[in-house]
Amino acid sequence: MKKLVRLLFGSPFKKEDNFRSKYFRFMYKFIIGFYFLSMTMFIILSFLDPTALIGLLMGAIFFPVVFRIVYGLIGKFNGMEREA
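What you are looking at is a predicted structure, and each value in this text was computed from that prediction instead of being measured. (Residues numbered from 1 in each chain as written. Predicted model: local features only at pLDDT ≥ 70, side-chain atom pairs only at ≥ 80, totals over all residues. Heavy atoms only, no water.)

Caption draft 1: Here's a closer look at the packing of aromatic side chains. Per the stated rule, a full pass over the model turns up 14 aromatic pairs. Ring geometry for Phe9 versus Tyr35: centroids 5.1 Å apart, planes at 85 degrees, classification edge-to-face. Note that Phe9 is positioned in helix α1 (residues 2-9) and Tyr35 in helix α2 (residues 19-48), a separation of 26 residues in sequence. Of the two residues, Phe9 and Tyr35, both sit in the buried class. These aromatic residues form a ring-pair network of at least three members: Phe9, Phe13, Phe19, Tyr23, Phe24, Tyr28, Phe34, Tyr35, Phe36, Phe63, Phe67 and Tyr71. (Phe/Tyr/Trp six-rings, centres within 6.5 Å; stacked < 30°, edge-to-face > 60°. Helix = DSSP H or I, 4+ residues; strand = E, 2+ residues; numbered from the N terminus. Buried < 20%, exposed > 50% of the residue type's maximum accessible area, 1.4 Å probe, protein only.)

See below:
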């Protein structure tokens with residue numbers, strides 16, 4: 001599961017003992033939880049309405065891509081470094 005998350009969303013920023021680092025790590029975990037919850041709901045909805053399959057595919061592909069871009073840019077502007 002950890003490899004799948006790292007493949008989709010990239011690695012989080014390094015853990016440090018300051019508010020900014022804790023905030024970034026919390027948001028990383030929150031967004032991953034939100035993603036899997038929404039994908040579960042889209043899968044259930046696609047059984048009830050086949051047209052919801054388009055939303056499932058769009059969300060499954062574009063959400064992690066947009067997250068990687070935004071998370072990386074905001075972290076870079078704040079001087080954060082990613083874990084190895």
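Now that the structure has been shown, the text picks up again.
Caption draft 2: Inspection of the packing of α1 against α2 at higher detail. At a closest axis distance of 12 Å, the pairing of α1 and α2 adopts a crossing angle of 100 degrees. Judged by the inter-axis angle, α1 sits roughly perpendicular to α2. Across the interface between the two elements, Leu4, Val5, Leu8 and Phe9 from α1 touch Tyr28, Ile32, Tyr35 and Phe36 from α2. (Axes fitted to C-alpha atoms, helices over the stretch in contact; angles between N-to-C directions. Parallel < 35°, antiparallel > 145°, perpendicular 65-115°, else oblique. Contact = heavy atoms within 4.5 Å.)

By themselves, these observations are geometric and do not establish any function.
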